[in-house]
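Spelled out from the first residue to the last, the chains are:
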There are 2 protein chains.
Amino acid sequence: MPDASPEQRIFDLLTTRSGITIGTAESITAGAVASRLATPAGASAYLMGGIVSYAYDVKENVLGVPRQVLDNPGAVSDECARRMAVGARKALGATITVSTTGIAGPSGATQRKPVGLVYIAVASPDGTTCEEHTFAGDRAAVTAASTERALEMLLDYLLHYAKDN
Amino acid sequence: MPDASPEQRIFDLLTTRSGITIGTAESITAGAVASRLATPAGASAYLMGGIVSYAYDVKENVLGVPRQVLDNPGAVSDECARRMAVGARKALGATITVSTTGIAGPSGATQRKPVGLVYIAVASPDGTTCEEHTFAGDRAAVTAASTERALEMLLDYLLHYAKDN
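Analysis parameters
- Residues numbered from 1 in each chain as written.
- Chains lettered and ligands numbered in written order.
- Predicted model: local features only at pLDDT ≥ 70, side-chain atom pairs only at ≥ 80, totals over all residues.
- Heavy atoms only, no water.
- Helix = DSSP H or I, 4+ residues; strand = E, 2+ residues; numbered from the N terminus.
- Rg over C-alpha atoms; globule rule 2.2 N^0.38 Å.
- Buried < 20%, exposed > 50% of the residue type's maximum accessible area, 1.4 Å probe, protein only.
- Contact = heavy atoms within 4.5 Å.
- Areas by Shrake-Rupley, 256 points an atom, 1.4 Å probe, with all protein chains shown as cover.
- Lys, Arg positive; Asp, Glu negative; His and termini not counted.
- Charge placed at Lys NZ, Arg CZ, Asp CG, Glu CD.
- Phe/Tyr/Trp six-rings, centres within 6.5 Å; stacked < 30°, edge-to-face > 60°.
- Polar contact = N/O pair within 3.5 Å; in protein donor to acceptor, adjacent residues only side chain to side chain.
- Axes fitted to C-alpha atoms, helices over the stretch in contact; angles between N-to-C directions.
- Parallel < 35°, antiparallel > 145°, perpendicular 65-115°, else oblique.
- Nonpolar A, V, L, I, M, F, W, Y, C, P; charged D, E, K, R; others polar.

A. Highlighting the overall build of chain A. Along its length, chain A carries six helices and five strands. Counted from the first residue to the last, chain A has its helices and strands arranged as α-β-α-β-α-α-α-β-β-β-α. At 15 Å, chain A has a C-alpha radius of gyration in line with the 15 Å of a compact globule built from 165 residues. Considering only C-alpha atoms, chain A reaches an extent of 45 × 30 × 25 Å along its principal axes. The buried share of chain A, reckoned over its 165 residues, is 57%. In chain A, the proportion of contacts linking residues at least 24 apart, taken out of those at least 6 apart, comes to 63%. Accessible surface computed for chain A: about 6800 Å², of which carbon and sulfur atoms make up 48%. Across chain A, the mean location of the 14 positive side-chain charges is 5 Å away from that of the 17 negative side-chain charges.

Pasting the structure below:
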């Protein structure tokens, strides 16, 4: 099924490869990634849950992102995305987590950070990896693109991880 | 605008009534409620975030639901929904939270708990309130109905709370 959704392909992978659990740390997507991951019946076998960290305080207190990272380079940064994913592994007790942070707009842009700038990170026992994207469109389009790419990135990572471990 | 979505009406209310913050604790809806709450541009003014507690361990460790509640009356119960909402207030530092727990199906039903059984609770400084529903339809329909009702229940509560406080 080449047309299967990433969440269905994650289901197919993780229900035949037991022991790997997943979770999310979501700012810009605000729960949409976890919601998609929960779509396949039986997802509870490997989906631990997620932390929707919209406020700085939640990023700091629940995910353990240091306040100095939130101040500089800021909540929308490679560093923050990585810290969020790592923090979610600990908070949720999950093997592999995906995080999202970005500027959905229409407000929130700065001189150096445009609307549509999004960081997506994956954390695993092997370390973390992070992508930077600048998605086009309005708030809904940026959020949808972030959700889709987070699911794809998690799937890609899981395919390699399951092969190597 | 009588046709405005509950998340838009919550936005209208909370951006004119500062100081009240909100959050979620989601099992069956898995982040869909938080995602909807984040839809209006500017929601970050009052939306702290959410805890997607799919696994028992996350309900216990992040939300503080006692293991004995998860064992009996179980994760799908009035008691668990209330504990989840109360736990989210503390974890997220939010004034008012809404929680969801239920059986989306197609599996997971028991003799006394059918597919579609859902508990939705709201916690505030004034206490907690909980509704029991049995929604019809497949997994997607039960999840969608739970999401919609959680948003409506939160809106109704906020309307009363903002008037009284």
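Resuming the write-up.
B. Representation of the packing of aromatic side chains within the structure. All names here are of chain A. A full pass over the atoms with the stated rule returns four aromatic pairs over all chains. Judged by centre distance (6.3 Å) and plane angle (25°), the ring pair of Tyr157 and Tyr161 falls under stacked. One end of the pair is Tyr157 and the other is Tyr161, both in helix α6 (residues 139–164) and four residues apart, which spans about a single turn. Residue Tyr157 shares its accessibility class with Tyr161, and that shared class is buried.

C. Looking closely at the side chain of Ser124 of chain B. All names here are of chain B. Among the structural elements, Ser124 can be located in strand β4 (residues 117–124). Among the residues examined, Ser124 registers a relative accessible area of 5% and is labelled buried. At 2.9 Å, the side chain of Ser124 forms a polar contact with the backbone nitrogen of Asp126. Apart from residues lying up to four places away in sequence, Ser124 is in contact with Arg89, Thr95, Ile96, Tyr157 and Tyr161.

D. Structural context of the packing of helix α4 (residues 67–74) of chain A against helix α5 (residues 78–92) of chain A. All names here are of chain A. Between α4 and α5, whose axes approach to 8 Å, the crossing angle comes to 150°. When the interaxial angle is binned, α4 and α5 end up roughly antiparallel. Here Val69, Leu70, Pro73 and Gly74 of α4 lie close against α5, whose contacting residues are Glu79, Cys80 and Arg83. Class assignment of the residues belonging to the contact of α4 with α5 gives a composition of four nonpolar, one polar and two charged.

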